[in-house]
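In case you want the letters, here they are:
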Amino acid sequence: MALNKVQIDLLNRFGLATDFRNLSDSDYFAILDKMEEELQSRGINGTGDGLNDYGELCRSVIASLPDD
């Protein structure tokens with residue numbers, strides 16, 4: 001799945017790889033770890049029962065990671 005500009009900007013903000021075609025294991029886990037951290041710390045909505053827009057963005061990056 002190709003990343004959109006907002007997803008790429010988010011990854012660039014953290015100095016993470018944006019080309020998912022040939023990710024090394026360390027790049028893969030760096031992205032996964034950072035997106036999970038951001039999702040948990042800043043991605044929960046005000047009522048605590050779902051994701052805010054930022055959380056949805058982080059989740060979309062995680063969903064875009066290759067699964068092979």
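Right, let's walk through the structure included here. Just so you know, these numbers come straight off a predicted model, no measurement behind them. (Residues numbered from 1 in each chain as written. Predicted model: local features only at pLDDT ≥ 70, side-chain atom pairs only at ≥ 80, totals over all residues. Heavy atoms only, no water.)

What about the side chain of S60?
Along the chain, the position of S60 falls in helix 3 (residues 53-64). Taking relative accessible area as the criterion, S60 reaches 19% and is therefore assigned buried. Among the polar contacts listed, one links the side chain of S60 to the side chain of Q7, at a separation of 2.8 Å. Side-chain polar atoms of S60 contact the backbone oxygen of L57, separated by 2.7 Å. (Helix = DSSP H or I, 4+ residues; strand = E, 2+ residues; numbered from the N terminus. Buried < 20%, exposed > 50% of the residue type's maximum accessible area, 1.4 Å probe, protein only. Polar contact = N/O pair within 3.5 Å; in protein donor to acceptor, adjacent residues only side chain to side chain.)

Regarding helix 1 (residues 5-13)
Quick reminder: α-helices carry 3.6 residues per turn. Residues three or four places apart thus point the same way. Where helix 1 is concerned, the buried positions are Q7, L10 and L11. What you see down the axis of helix 1 is that its buried residues fit within an arc of 95 degrees, all on one side. With respect to the buried face of helix 1, the exposed residues turned more than 90 degrees away are K5, V6 and R13. The inward-facing, buried residues of helix 1 abut helix 2 (25-42) and helix 3. Here helix 1 starts with a cap whose side-chain oxygen sits 3.1 Å from the backbone nitrogen of V6, and that cap is N4. (Arc of directions from axis to C-beta. Contact = heavy atoms within 4.5 Å.)

Description of the environment of V61
Positionally, V61 belongs in helix 3. The buried category is assigned to V61, whose relative accessible area is 0%. Residues V61 and F29 lie 32 residues apart in sequence; the distance between their C-alpha atoms is 12 Å. In contact with V61, not counting residues within four places along its chain, are Q7, L10, L11, F20, I31 and M35.

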